[in-house]
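# A closer look at the structure
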Amino acid sequence: MSGTKQTSDGPPAEAAGGEVVLEASGVKKHFAQADGLLDRLLGENASVKAVDGVDLTVHEGETVAVVGESGCGKSTLGRTLLQHYDATAGSVRYRGTELTDLSDREMRAHRRNVQMVFQDPLASLNPRQTVGQILKAPMEVHGIGDSDAERTEIASDLLERVGLKANQLERYPKQFSGGQQQRIGIARALTLEPDLIVADEPVSALDVSVQAQILNLLQELQDELNLSLIFITHDLSVVRYLADRVAVMYLGELVETAPTDDLFDNPQHPYTESLLSAVPRIDPTARTDRILLEGSVPSPLHPPSGCRFHTRCPKVVPPADWAGSEEAFRRAFRYRTRLVAGEVDPAAARERLRAEGEPTDDNRVVDHLIEGVLGETRAHLPADAVTAIDEATTAAVAGNDERAARLVEAAFPSPCAGETPETVTVDDAHTAACHRIE
Ligand SMILES: Nc1ncnc2c1ncn2[C@@H]1O[C@H](COP(=O)(O)OP(=O)(O)OP(=O)(O)O)[C@@H](O)[C@H]1O
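Residues numbered from 1 in each chain as written. Predicted model: local features only at pLDDT ≥ 70, side-chain atom pairs only at ≥ 80, totals over all residues.

Going by what an unreviewed UniProt entry lists, the protein is known as ABC transporter ATP-binding protein and is assigned to Haloferax chudinovii.

What follows is the structure, given as structure tokens:
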């Protein structure tokens, strides 16, 4: 469509209902950290790659949900977009102005445009201040209202707007329930009339019974004030009716971004599929089997090569010359991942055999380990794959973990481990980064 602004990860501005408010491109936030005693002694620092090259665009009046498991980098992304953290690399533009270049004075003035609502409302409110003081403090800093009386009036209006009573201004945060405290947190975020709010897990610390009320409040305020909202959550089930678009984050990167209905109806990335499989469906015929991911998010100190999700992906791609079935490859690949991560434990296997009164010689331990992971799949693997697994497991049982890792890496290569997937446009504003997508 001519004259319509098309952004890399988002829908055309007109389709999204407004101009671009925030545009992040290639944003990284790395935290310096000495990796271990040896590294510290050698002066070598690894960095925690909490956010590692994110493109994200938010339009006026739009809600973009950022979802992913704990530790994927969602909060760090939110704080970096708001410049609470300096970006390690990349660009963050607010209504066309590059934020990473602003002077301290310019940044102070900019801060009123963007605000944050936090997960733990009580921890984010000063316990020694009354609600009135909490709401009026930012107004004083930014010169809003000509007098204390005027600021008190604005604070009273705000309190009523978030569903509390104006006469509660003199109370302290701990005199309120969790849901009410979050209403105060939201009122505080609104004091400076921002354009954009980043809400970081705003309901996950609240009782289920009040979560919907707070979500409804956010939505009402957003409609009323034409706010843009970045909604950070680990729980995809809360975003379906709240978000216009969803960005799925895994280990510092966005793996899929799509309009909400598209993402729910036509997920492309196996990580998105696994998150969606955990979302309860109202329509039982639409039920999909739960995909259980093994383990937790790997450390962002040393993220996996290639596609960062490959160590947990249920759909890892076999090499072109693989002679067996995809399913057999994936079982073998899972074994590779565990051997490489040092998670195959010969001592524990020997102990189990002993407890069951079985022989505990090395050959028996090797068989027991392979049996535990591969089961009947072993019979469906090509002969050279079986040989590689036997040799690698024998090396692990002999204590040579490095050789074990080398053997399985050579026997079970995958493009997912070897090459970083490109971000592909699936459909209009729907993008995903996975080797399975052409
Ligand atoms: N200040 C910091 N210094 C070092 N590492 C950090 C820092 N802040 C976050 N991290 C690390 O960065 C990674 C991403 O953390 P982040 O809190 O952004 O993830 P998240 O997806 O928001 O998870 P959660 O929902 O648990 O907060 C984690 O491994 C975390 O330990």
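On we go from here.
## Observations regarding the sheet that holds strand S7 (residues 196-200)
Ordered in space as S6-S7-S8-S3-S9-S10-S12-S11, the eight strands form an open sheet in which the pairing is mixed. Each edge of the open sheet carries a strand with a single partner, namely strand S6 (114-117) and strand S11 (424-427). Taken over all neighbouring pairs, the strand axes of this sheet differ in orientation by 20 degrees on average, direction set aside. Pairing between strand S10 (residues 253-259) and strand S12 (residues 430-432): two bridges, direction antiparallel. Bridge pairing in S12 places Thr257 opposite Thr431. (Pairing = 2+ DSSP bridges. Helix = DSSP H or I, 4+ residues; strand = E, 2+ residues; numbered from the N terminus. Axes fitted to C-alpha atoms, helices over the stretch in contact; angles between N-to-C directions.)

## Considerations on unusual backbone geometry
Look at Gln83: it is not a glycine, yet its phi comes out positive at around 65 degrees. Assignment of secondary structure puts Gln83 in the loop between helix H3 (74-81) and strand S4 (89-94).

## What about the site of the ligand?
Taken together, 14 residues sit near the ligand, with Phe31, Ala50, Ser70, Ser75 and Thr76 positioned nearest. At the level of elements, strand S1 (20-34), strand S2 (45-59) and H3 are the ones that each hand at least two residues to the shell around the ligand. Among the elements that take part in the shell around the ligand, H3 stands out by supplying three residues, more than any other. Of the residues assigned to the shell around the ligand, the class counts are five nonpolar, eight polar and one charged. (Near = placed C-beta within 6 Å. Nonpolar A, V, L, I, M, F, W, Y, C, P; charged D, E, K, R; others polar.)

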